Amino acid sequence: MTAPAGEKPDTGSPDDHRAGSGRAGDSGTPVPGWRRRMRPYLLSVPAVLVVIGILYPFVLGAIYAFLNYSAANPDPRFIGFANFVSVLGDTDFWASVRITLTYAVVATVVETVLGVIIALLLNRSSLVGRIFERVLILPLMIAPVIAGVIWKLMFNPQFGVLNYVLGLGSSFDWLSRDMALWSSIIVDVWIFTPFVAILVLAGIRSLPREPFEASDVDGAGWWYSFRRLMLPMMWPYILVAVIFRFMDCLKVFDHIYVLTAGGPGIATRTLQIGAYEDSIIFQNYSRGSTYMLLLWVIVFITARYLVSVLGKAQRRAAGAEE
Amino acid sequence: MATRELKPGQRRITGGGIVADLAIIAWFVFALFPILWMILLALKTPAEQTSTYFVFSPTLENFVTVLTDRGTELTSVDFKTAILTSLLNCGGAVLVSLLIGIPAAYAAGRWKFRGSDDLMFTMLSFRFAPELMVIVPLFVIYNQIGLFDTSVGMIWVLQLVTMPLVVWILRSYFADLPEDLEQAALLDGYTRLRAFWMIALPMVRPGIAAAALLAFIFAWNNYMFPLILADSAASTVTVAITSYLGGGGQAYYNLTAAAALLGALPPLILALTIQRYLVRGLSFGAVKS
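The rules we used
- Residues numbered from 1 in each chain as written.
- Chains lettered and ligands numbered in written order.
- Predicted model: local features only at pLDDT ≥ 70, side-chain atom pairs only at ≥ 80, totals over all residues.
- Heavy atoms only, no water.
- Helix = DSSP H or I, 4+ residues; strand = E, 2+ residues; numbered from the N terminus.
- Buried < 20%, exposed > 50% of the residue type's maximum accessible area, 1.4 Å probe, protein only.
- Contact = heavy atoms within 4.5 Å.
- Areas by Shrake-Rupley, 256 points an atom, 1.4 Å probe, with all protein chains shown as cover.
- Buried area = accessible area lost by both parts, 1.4 Å probe.
- Salt bridge = Lys/Arg side-chain N within 4 Å of Asp/Glu carboxyl O.
- UniProt positions renumbered as here; feature names shortened; annotations may be inferred.
- Domains from an automatic or database assignment.
- Polar contact = N/O pair within 3.5 Å; in protein donor to acceptor, adjacent residues only side chain to side chain.
- pLDDT = per-residue confidence, 0-100.
- Phe/Tyr/Trp six-rings, centres within 6.5 Å; stacked < 30°, edge-to-face > 60°.
- Lys NZ or Arg CZ within 6 Å of the ring centre and 35° of its normal.
- Patch = residues over 30% accessible without salt bridge, like charges linked within 9 Å, V, L, I, M, F, W, Y side chains within 5 Å.
- Expected span 1.5 Å × (residues − 1).
- Bend = angle between axes of the 7 residues up to and from the residue.
- Core = buried A, V, L, I, M, F, W, Y, C linked by side-chain atoms within 4.5 Å.
- Axes fitted to C-alpha atoms, helices over the stretch in contact; angles between N-to-C directions.
- Parallel < 35°, antiparallel > 145°, perpendicular 65-115°, else oblique.
- Nonpolar A, V, L, I, M, F, W, Y, C, P; charged D, E, K, R; others polar.

This part is about the overall build of chain A. The number of helices and strands found in chain A is 13 helices and zero strands. Tracing chain A from N to C terminus, the helices and strands come up as α-α-α-α-α-α-α-α-α-α-α-α-α. Within the span of chain A, comprising 322 residues, buried residues form 55% of the whole. Within chain A, contacts between residues at least 6 apart in sequence are counted, and of these 66% link residues at least 24 apart. Carbon and sulfur atoms make up 65% of the accessible area of chain A, which amounts to about 14400 Å² in all.

Right, dumping it as structure tokens:
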């Protein structure tokens, strides 16, 4: 970060100052130091207020987790950790944790691998690649809920086009108890693989050219330079994509809600779908908030860990480039 | 892209031209087929809605129905109103985000001040916080103070999506701006405010446009806020589309498809116009393009 801007006098002599602008703080005399120091704070005040406005319900939600608040019980009482004991002792909660983690890990891994491959393929700058690079973002810009609607129509065993095209017949049900989670992951892959590909492609294009030319001269094979040069240098970009995807997958809701609403049974009941059921459908605000608080803890710990990994990777990549 | 010079690793990672092209085409068949199928479905007559034909005589009837009907027998959706509501909500949210976010982004990009990192990190954490954590209390509060199902309520909550995005994108634009230009303006007798307004702001105009459009897309695509915090009056496009799916198996397939296409059109058009800035926006500036 550069030196603070306010080190130099802000304004010239008073007679230079024609406009006069009428603002007290900007009159022709040199601005006092304290006002200069306050400037970034003043500029941030509205944003801080908004942040507080969002933090307030967030804290309230955390408090709900320690109450017995529901539509049926509008006069909530503090009940300590009773909600946590009840939720953590519930097999459905642990099923939700397992479903959420399975979903997040599988979707993130598949999207990362596919995204890197697509980025490498598009980077070849063939005619085909150039044409398709333009439309790469299309699925990413469609709202996940609309993507869910699209795929729900295609998944339909009787009328859906998927079974027809794949020759599966009407007995194959994509949204059955066994398949629903994997089908939801397919939709996630469809929407978000372009996200990984775009980030990785931008990363590849920002890499320095020299190491690759040098390894070319040395006659290294492409697999060797991919593994020893590109992958290490690309790792920070890939990690950024992994972090964004994994964190978003942990709180997945939109397209699963449209596809299955968490069913059949609890086959796709991710943590946020479970919280939605509890707090909005059954109007048990405290129980839903307990789910969310636990999910938030999972997200927070994962974020901390992944960001520290990213920091290390960035330092290592910076070293490798020099 | 103006120049197509050799990119890093390009010559190396080039194995099997035709195989690679086929792999790319395979992905794009998977990626584009659902969109193509939506278009076909939207162009079919109601009688053909459960068919799997690829060849038929197309009709625009479904789009007309979606845009003119005040709801069919089963859905009480007024899609046209939902579009106007979405425009109002998202436009309002973006406008407020810019008004509040630009000063904060300028402060954070120009100066390192005590608490700036905390403020920035808190905003970034909103990107990863589970929405329901905030929505459930807001649902209770909104019901108490009468913001439920209002555009004011929706605009306020959409800040959660748009403001951090605007601040994070623009922060990196302001930070990249050489400070000498503003200093020169100050020496010429400009006030700080004028230097910001006449020098800094115009120079980050592409960033502001990209941030605004991306924020609009994110707000437009949001589903959970209107699903829970709005009912009929402030219901948006994303919620309206799902109502065409019907409840117990009875669905308006081609109306759903037409509505889905109409609802996806604004983000798609905006995304194509800001494609150059997308990477920086999508990754919150973590990856600079």
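If you look at the interface, chain A gives 122 residues, while chain B gives 104 residues. With both sides pooled, the region where chain A packs onto chain B buries about 10400 Å², and carbon together with sulfur makes up 75% of that total. Linking Lys251 of chain A and Glu131 of chain B is a salt bridge whose minimum nitrogen-to-oxygen distance equals 3.4 Å.

Taking the UniProt record as the reference, the feature "transmembrane region" (unreviewed entry) is found at residues 41-67, 101-123, 135-154, 179-202, 229-247 and 288-307 of chain A. Annotation note: span residues 229-247 of chain A, helix share 100%, strand share 0%, distance between end C-alpha atoms 28 Å.

To continue, consider the domain arrangement of chain B. Residues and elements named next belong to chain B. The domain boundaries assigned to chain B delineate domain 1 (16-58) and domain 2 (69-286). Listed by partner, the interface residues are eight residues for domain 1 and eight residues for domain 2. In total, domain 1 and domain 2 occlude about 650 Å² of area from one another, counting both sides; carbon and sulfur atoms represent 69% of this. Three residues stand out in domain 1 for area buried against domain 2, namely Met38, Ala42 and Gln49, and they jointly supply 63% of the buried area on that side. Joining domain 1 to domain 2, the criterion identifies zero salt bridges. Put simply, domain 1 and domain 2 have one residue pair in polar contact (both at pLDDT 80 or more) between them.

Once that is clear, we can look at the confidence of the model for chain A. When pLDDT is averaged along chain A, the result is 83, and 89% of the positions lie at 70 or above. Taken element by element, the predicted model of chain A shows its lowest mean pLDDT in helix H9 (residues 210-217) of chain A (78) and its highest in helix H3 (residues 91-122) of chain A (94).

A few words now on the environment of Thr102 of chain A. Residue and element names in this part refer to chain A. Here Thr102 shows up in helix H3. Spatially, the C-alpha atoms of Thr102 and Ala318 are 33 Å apart, while their sequence positions differ by 216 residues. Residues in contact with Thr102, not counting those within four places in the same chain, are Leu181 and Trp182.

A few words on the packing of aromatic side chains. The geometry of an aromatic ring pair comes down to the distance between the two centres and the angle between the two planes. Applying the stated criterion across every chain yields a total of 31 aromatic pairs over all chains. Ring centres 4.2 Å apart and planes at 10° place the aromatic pair Phe132 of chain A and Phe28 of chain B in the stacked group. Of the two residues, Phe132 of chain A sits in helix H4 (residues 127-133) while Phe28 of chain B sits in helix H1 (residues 17-42), which places them in two different chains. Neither residue differs from the other here; Phe132 of chain A and Phe28 of chain B are each classed as buried. Taken together, Trp151, Phe155, Phe172, Trp174 and Trp190 of chain A together with Trp27 and Phe30 of chain B form an aromatic cluster joined through their ring pairs. Its guanidinium or amino end placed over the ring of Trp168 of chain B, Arg171 of chain B lies 4.6 Å from that ring's centre, counting from NZ or CZ. In this structure, Arg194 of chain B packs its charged tip against the face of Tyr190 of chain B, placed 4.3 Å from the ring centre.

Right, let's talk about the UniProt feature "transmembrane region" (unreviewed entry) in chain B for a bit. Residue and element names in this part refer to chain B. Cross-referencing UniProt, the feature "transmembrane region" (unreviewed entry) maps to residues 21-43, 82-107, 119-142, 154-174, 195-217, 223-245 and 252-274 in the present numbering. In the segment residues 21-43, helix accounts for 96% and strand for 0%; the C-alpha atoms at its two ends are 31 Å apart. The distance separating the terminal C-alpha atoms of residues 82-107 is 37 Å; by composition the span is 100% helix and 0% strand.

This brings us to a nonpolar patch on the surface. On the surface, Trp34, Met38, Tyr41, Leu42, Val45, Val48, Leu49 and Ile52 of chain A cluster together into a nonpolar patch covering about 740 Å² of accessible area. Among the secondary structure elements, Val48 of chain A is positioned in helix H1 (residues 33-64).

Turning our attention to H1 of chain B. A rise of 1.5 Å per residue sets the reference length of H1 of chain B, with its 26 residues, at 38 Å; its end C-alpha atoms lie 37 Å apart and thus fit the reference within 8%. Bending of H1 of chain B peaks at approximately 35° at the position of Leu32 of chain B, with proline Pro34 of chain B no more than four residues after it.

Turning our attention to the confidence of the model for chain B. Residues and elements named next belong to chain B. Residues with a pLDDT of 70 or more make up 89% of chain B, whose mean pLDDT is 82. Per-element averaging of pLDDT across chain B places helix H4 (residues 116-128) at the bottom with 79 and helix H9 (residues 205-221) at the top with 92. Segment residues 11-15: pLDDT under 50, and 16 contacts once partners within four positions in sequence are set aside and those in other chains are kept. As a predicted assembly, this complex carries a pTM of 0.86 together with an ipTM value of 0.86.

Below, the discussion takes up unusual backbone geometry. All names here are of chain A. Although it is not a glycine, Ala261 adopts a positive phi angle of roughly 55°. Position of Ala261 among the secondary structure elements: in the loop between helix H11 (254-259) and helix H12 (271-281). Judged by its relative accessible area of 37%, Ala261 falls in the partly exposed class. Phi angles above zero are rare outside glycine, and Gln283 is one such case at about 55°.

On inspection of all chains with the given rule, the structure shows eleven salt bridges over all chains. The partner of Asp248 of chain A in a salt bridge is Lys251 of chain A, with the nearest N and O atoms 4.0 Å apart. When sorted by exposure, Asp248 of chain A lands in the same class as Lys251 of chain A, which is buried. A network of salt bridges, in which partner residues are shared, links Glu111, Asp188, Arg245, Asp248 and Lys251 of chain A together with Glu131 of chain B.

Residue and element names in this part refer to chain B. Of all hydrophobic cores here, the largest spans 211 residues; its most connected members are Phe174, Ile228 and Leu229. Counting only domains with at least three residues in this core, you end up with domain 1 (16-58) and domain 2 (69-286). The residues touching Phe174, leaving out its near neighbours within four places in the chain, are Ile102, Ala105, Tyr106, Gly109, Arg110, Phe196, Ala200, Leu201 and Val204.

Turning next to the packing of helix H8 (residues 192-203) of chain B against H9 of chain B. Residue and element names in this part refer to chain B. Where H8 meets H9, the axes come as close as 4 Å, and the angle between the chain directions of the two elements is 60°. Taken together, the axes of H8 and H9 are oblique relative to one another. Residues Leu201, Pro202 and Met203 of H8 form the contact with H9, whose participating residues are Arg205, Pro206 and Ile208. A per-class count over the contact of H8 with H9 returns five nonpolar, no polar and one charged.

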